[in-house]
Amino acid sequence: MIVDVPQGKDPIGYVWGEMVPGIGIAASGFSLAVYEHSTLGLREFEAARLRIAQINGCVFCLDWRTERDGVKVEEEFAGAVTAWRTTDAFDERTRLAAEYAERYATDHHNLDEEFWARMKAHYSQTEIVELSMSIGSWLAFGRLNHVLGLDTACVLPGHS
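Scoring rules and cut-offs
- Residues numbered from 1 in each chain as written.
- Predicted model: local features only at pLDDT ≥ 70, side-chain atom pairs only at ≥ 80, totals over all residues.
- Heavy atoms only, no water.
- Helix = DSSP H or I, 4+ residues; strand = E, 2+ residues; numbered from the N terminus.
- Rg over C-alpha atoms; globule rule 2.2 N^0.38 Å.
- Buried < 20%, exposed > 50% of the residue type's maximum accessible area, 1.4 Å probe, protein only.
- Contact = heavy atoms within 4.5 Å.
- Areas by Shrake-Rupley, 256 points an atom, 1.4 Å probe, with all protein chains shown as cover.
- Lys, Arg positive; Asp, Glu negative; His and termini not counted.
- Charge placed at Lys NZ, Arg CZ, Asp CG, Glu CD.
- 1 Å grid on protein atoms, 1.4 Å probe; cavity = no way out; pocket = protein on both sides within 12 Å on 5 of 7 lines; lining within 4 Å.
- Points joined across faces, edges and corners; volume = space filled by probe spheres on them.
- Nonpolar A, V, L, I, M, F, W, Y, C, P; charged D, E, K, R; others polar.
- Core = buried A, V, L, I, M, F, W, Y, C linked by side-chain atoms within 4.5 Å.
- Axes fitted to C-alpha atoms, helices over the stretch in contact; angles between N-to-C directions.
- Parallel < 35°, antiparallel > 145°, perpendicular 65-115°, else oblique.
- Left-handed = near helix turned anticlockwise from the far one by under 90°.

Draft legend 1. A look at the overall build of the protein chain. Regarding its fold elements, the protein chain presents 8 helices and 0 strands. Beginning at the N terminus, the succession of helices and strands in the protein chain can be written as α-α-α-α-α-α-α-α. Taken over the C-alpha trace, the protein chain has a radius of gyration of 16 Å; the compact-globule value for 160 residues is 15 Å, and the two agree within 12%. Once the C-alpha set of the protein chain is aligned to its principal axes, its extents read approximately 50 × 30 × 25 Å. Burial status across the protein chain gives 43% buried among its 160 residues. The contacts of the protein chain with a sequence gap of at least 6 include a subset with a gap of at least 24, amounting to 65%. Approximately 8,800 Å² of the protein chain is accessible, and the part contributed by carbon and sulfur atoms is 56%. Here the protein chain holds 14 positive side-chain charges and 24 negative ones, and the gap between their average locations is 2 Å.

Draft legend 2. Region of interest: the layout of surface pockets. Put simply, the largest pocket is a space of about 490 Å³. Taken together, 19 residues line the largest pocket, and the ones lying closest to its centre are Trp16, Ser31, Tyr35, Phe60 and Asn145. Secondary-structure elements contributing two or more residues to the lining of the largest pocket are helix 1 (11–19), helix 2 (21–36), helix 3 (42–56), helix 4 (59–63) and helix 8 (125–147). With 5 residues, helix 8 is the single largest residue contributor to the lining of the largest pocket. Along the lines of polarity and charge, the residues of the lining of the largest pocket split into 12 nonpolar, 6 polar and 1 charged.

Draft legend 3. Structural view of the nonpolar core. In this structure, Met119, Tyr123, Leu131 and Ile135 are the most contacted members of the largest nonpolar core, which totals 30 residues. Where this core is concerned, the elements lending two or more residues are helix 3, helix 5 (77–82), helix 6 (92–106), helix 7 (113–122) and helix 8. Setting aside chain neighbours within four positions, we find isoleucine 135 in contact with Ala48, Ile52, Tyr100, Ala101 and Tyr104. Ranked by size, the runner-up nonpolar core spans 7 residues in total, among them Val3, Tyr14, Phe141 and Leu150.

Draft legend 4. Layout of the packing of helix 6 against helix 7. Two numbers describe how helix 6 lies on helix 7: the axes approach to 10 Å, and their chain directions differ by 140°. Compared by their axis directions, helix 6 and helix 7 come out oblique. Crossing geometry of helix 6 relative to helix 7 is assigned as left-handed. Within the contact between the two elements, helix 6 uses Glu92, Arg93, Leu96, Glu99, Tyr100 and Arg103 and helix 7 uses Phe115, Trp116, Arg118, Met119 and His122. Looking at the contact of helix 6 with helix 7 residue by residue, the class counts come to 5 nonpolar, 1 polar and 5 charged.

As structure tokens, then:
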């Protein structure tokens, strides 16, 4: 880890909540809101989230699976996200979510009219804004956790 975390402190809780409470607590609130208030379907949500996790290399994010009403994506889903261009496991909305996440993170200057026409054919404007905010959250906070080495020090719930 890049930062020193006192013995017995949860790294994420300490860095996000105690080191910079004026920023970290607000960032944490935004990060949680993405999960608590999303109207996107679980598959498109997870396709975008996992594609960002793959790009960021955040170990915690790669291992995490969002659960809704006791349902998570299937075990093979992460592999399908990697192969989003060719997989037959995705409908068009899910494929577009993975594509958008990748392009948002690696090539946002080339989100052209053709891409936006495809997005608008499958997503409402509200959904596009929500997906954009979600991707921005995952990109920023997953990368922050990875860069500071917090992603390898955190334990997923139920994985202790």
